[in-house]
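Letter by letter, the chains look like this.
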Amino acid sequence: MPRTVRDVVFVDGVRTPFGKAGPKGIYNETRADDLVVKAIRELLRRNPDLDPKKIDEVAIAATTQIGDQGLTLGRTAGILAGLPQSVPGYSIDRMCAGALTAVTAVAGGVAFGAYDVALAGGVEHMGRHPMGEGVDPNPRFVSEKLVDESALFMGMTAENLHDRYPTITKLRADEYAVRSQEKAAKAYADGKIQQDLVPISVRNTNEAAGETGWGLVTTDEPMRPGTTLENLANLKTPFRTHGRVTAGNAAGLNDGATAAIIASEDFARENNLPVKMRLVSYSFAGVEPEVMGYGPIPATEKALAQAGLTIDDIGLFEINEAFAVQVLAFLEHYGIADDDARVNQYGGAIAFGHPLASSGVRLMTQLARQFEEQPHVRYGLTTMCVGFGMGATVIWENPNFNAEGDSK
């Protein structure tokens, strides 16, 4: 019997505040799976009309699937969050695009009719599990020259992207980074970010004083408000002597988790759930691993073609800021100004942080908030580069779109 493809919607999304990885970070004493559990519980609290028994799937991503990020996170986090044991779950790994892939994976199931509603998200505790922990790259990659050795080090790939785009100077990257910090600080001041954050209780240990206490995390730890070009000018370039990539114009090493509700539009309406975004198209693309930051460009080309749209139809962009050069390459390719008002209106990963597999849903929650505030915008996209040479793009439609306004 033929099936009809159903409209898929983003119902709601939340995230933990993002922390700095390492012994001084806010989540040093917190388990990765507990971060996911808190996000799932908050989603259910915010959406009391969603009967947990009706959830068809839980897809949770992690790049380093080991320790407290292992053991089929979608299933185990669901049980820990109190979901009925009848709700299945699984884990996903597409490195930085893990949560984004979790969303598109369950969205495909919803469109096909296998699911009515599912949870999707991601977590990365880079303090407990540094990127690459426990992996053993096949020596053939380098010995047979399948990829350049730099492909295994994300910062080096960013330097390679600078080489490909010589007009993207260190100064331009630093200027972009300063704007990201400024926009993030303004978004906080305007109350745009806090609405989707899950407060997290954390245990803090002061070894010097021999004290242990509890605190409540309510804001992102990595942010550096007041950052200036002068602050960034003399930072070290750790990936290349006299290079252009620094800790100031790239996302740091971070901890955090995200979760979202994805459903058919009919199910959402029938169950009194919000409809914050409507899925239009999504696409993934591969590029040379040595310049993985180029990935969003072909992924976006594919997603636009699938949707029958052009880049001019996109009124809002949420581009993951793994590195400033990666965003600037995307903008330069499409002839978009570095400071275009449609891009990352609330700031991005350079300010908030980038806990790898969790970040895709952060882009979505920020875009959903902007859609709500800007009914004149019809289409927006979320896009990111992905380690080892990939890009990922999802195009969304604003359900609040007012056709009498600007058609974008």
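Residues numbered from 1 in each chain as written. Predicted model: local features only at pLDDT ≥ 70, side-chain atom pairs only at ≥ 80, totals over all residues. Heavy atoms only, no water.

**Details of the overall build of the chain**
Phase 1 of the analysis: Within the chain, the secondary structure is distributed over 12 helices and 12 strands.
Phase 2 of the analysis: Its C-alpha atoms give the chain principal-axis dimensions of about 60 × 60 × 50 Å.
Phase 3 of the analysis: Burial status across the chain gives 57% buried among its 408 residues.
Phase 4 of the analysis: Considering only contacts in the chain between residues 6 or more positions apart, those separated by 24 or more positions represent 78%.
Phase 5 of the analysis: Here the chain displays about 16,500 Å² of accessible surface, and carbon together with sulfur accounts for 51% of that area.
Phase 6 of the analysis: Averaging the locations of the 38 positively and 51 negatively charged side chains of the chain gives two centres separated by 2 Å. (Helix = DSSP H or I, 4+ residues; strand = E, 2+ residues; numbered from the N terminus. Buried < 20%, exposed > 50% of the residue type's maximum accessible area, 1.4 Å probe, protein only. Contact = heavy atoms within 4.5 Å. Areas by Shrake-Rupley, 256 points an atom, 1.4 Å probe, with all protein chains shown as cover. Lys, Arg positive; Asp, Glu negative; His and termini not counted. Charge placed at Lys NZ, Arg CZ, Asp CG, Glu CD.)

**Re a nonpolar patch on the surface**
Phase 1 of the analysis: Together, Val142, Leu152, Phe153, Met156 and Phe239 give the surface a local cluster of nonpolar side chains, amounting to about 380 Å² of exposed area.
Phase 2 of the analysis: Relative to the elements of secondary structure, phenylalanine 153 occurs in the loop between α4 (140-143) and α5 (154-164). (Patch = residues over 30% accessible without salt bridge, like charges linked within 9 Å, V, L, I, M, F, W, Y side chains within 5 Å. Salt bridge = Lys/Arg side-chain N within 4 Å of Asp/Glu carboxyl O.)

**Some thoughts on the environment of lysine 186**
Phase 1 of the analysis: Take lysine 186: it is sitting in helix α6 (residues 170-189).
Phase 2 of the analysis: Counting along the chain gives 160 residues from lysine 186 to tyrosine 346, while the straight-line C-alpha distance between them is 7.5 Å.

**As for the packing of α6 against helix α10 (residues 324-333)**
When two helices pack together, their arrangement is given by the angle between their axes and by how far apart the axes lie.
Phase 1 of the analysis: Interaxial distance between α6 and α10 falls to 9 Å at its minimum, and their mutual angle equals 100°. Viewed along their axes, α6 and α10 adopt a mutual orientation that is roughly perpendicular. Facing Arg172, Ala173 and Tyr176 of α6, the residues of α10 in contact are Ala324, Val327, Leu328 and Glu332.
Phase 2 of the analysis: Of the residues belonging to the contact of α6 with α10, the class tally is 5 nonpolar, no polar and 2 charged. (Axes fitted to C-alpha atoms, helices over the stretch in contact; angles between N-to-C directions. Parallel < 35°, antiparallel > 145°, perpendicular 65-115°, else oblique. Nonpolar A, V, L, I, M, F, W, Y, C, P; charged D, E, K, R; others polar.)

**Here's the deal with helix α9 (residues 296-307)**
Phase 1 of the analysis: Taking 1.5 Å per residue, 12 residues should reach 16 Å; α9 reaches 16 Å between its end C-alpha atoms and fits that length.
Phase 2 of the analysis: On the buried face of α9, the contacting elements are β9 (277-286), β10 (314-319), α10, β11 (379-386) and β12 (390-397).
Phase 3 of the analysis: Remark: glycine 308 follows α9 within two positions and exhibits a positive phi of approximately 70°. (Expected span 1.5 Å × (residues − 1).)

**Details of helix α1 (residues 32-46)**
Phase 1 of the analysis: Given a rise of 1.5 Å per residue, 15 residues ought to cover 21 Å, and the 22 Å separating the end C-alpha atoms of α1 matches this to within 8%.
Phase 2 of the analysis: Of all the positions in α1, only Ala32, Asp33, Leu35, Val36, Val37, Ala39, Ile40, Glu42, Leu43 and Leu44 are classed as buried.

**Thoughts on the packing of aromatic side chains**
Phase 1 of the analysis: Tallied over the entire structure, the rule returns 6 aromatic pairs.
Phase 2 of the analysis: Taking the centre distance of 5.9 Å and the plane angle of 75° together, the rings of phenylalanine 10 and tryptophan 396 count as edge-to-face. On the criterion of sequence distance, the pair formed by phenylalanine 10 in strand β1 (residues 8-15) and tryptophan 396 in strand β12 is long-range, its members being 386 residues apart.
Phase 3 of the analysis: Judged by its relative accessible area of 0%, phenylalanine 10 falls in the buried class.
Phase 4 of the analysis: For tryptophan 396, a relative accessible area of 1% gives the class buried. (Phe/Tyr/Trp six-rings, centres within 6.5 Å; stacked < 30°, edge-to-face > 60°.)

**Quick look at the pattern of salt bridges**
Phase 1 of the analysis: Within this structure, the stated rule accounts for 26 salt bridges.
Phase 2 of the analysis: Residue glutamate 42 pairs with arginine 45 through a salt bridge whose shortest N-O separation is 2.7 Å. Remark: arginine 45 and glutamate 42 occur in helix α1; sequence separation between them is 3 residues, near one turn of the helix.
Phase 3 of the analysis: Judged by its relative accessible area of 12%, glutamate 42 falls in the buried class.
Phase 4 of the analysis: For glutamate 332, the salt bridge is made with arginine 172, and the minimal N-O distance between the two is 3.0 Å. Taken together, the residues glutamate 332 in helix α10 and arginine 172 in helix α6 connect sequence positions 160 residues apart.
Phase 5 of the analysis: Classification of glutamate 332 as partly exposed rests on a relative accessible area of 30%.
Phase 6 of the analysis: On the basis of relative accessible area, arginine 172 is assigned to the buried category, the value being 18%.
Phase 7 of the analysis: Each of the salt bridges in this network shares a partner with another, and the network as a whole consists of Asp12, Arg46, Asp196, Lys276, Arg369 and Glu372.

**Details of the nonpolar core**
Phase 1 of the analysis: With 40 residues, the main nonpolar core has Phe10, Leu100, Met277, Met364 and Trp396 as its most contacted residues.
Phase 2 of the analysis: Residue contacts for methionine 364: discarding those within four places in its chain leaves Phe10, Leu100, Val103, Met277, Thr382, Val394 and Trp396.
Phase 3 of the analysis: Listed in part, the 39 residues of the second largest apolar core include Val178, Leu304, Ile319 and Val325. (Core = buried A, V, L, I, M, F, W, Y, C linked by side-chain atoms within 4.5 Å.)

**Things to note about the side chain of threonine 157**
Phase 1 of the analysis: The residue threonine 157 is located in helix α5 in this model.
Phase 2 of the analysis: Relative accessible area serves as the criterion here: at 1%, threonine 157 is assigned to the buried category.
Phase 3 of the analysis: Each residue touching threonine 157, except ones within four places of it in the same chain, is listed here: Ser150, Ala151, Pro289, Glu290, Val291 and Met292.

That is the geometry; function is a separate question.
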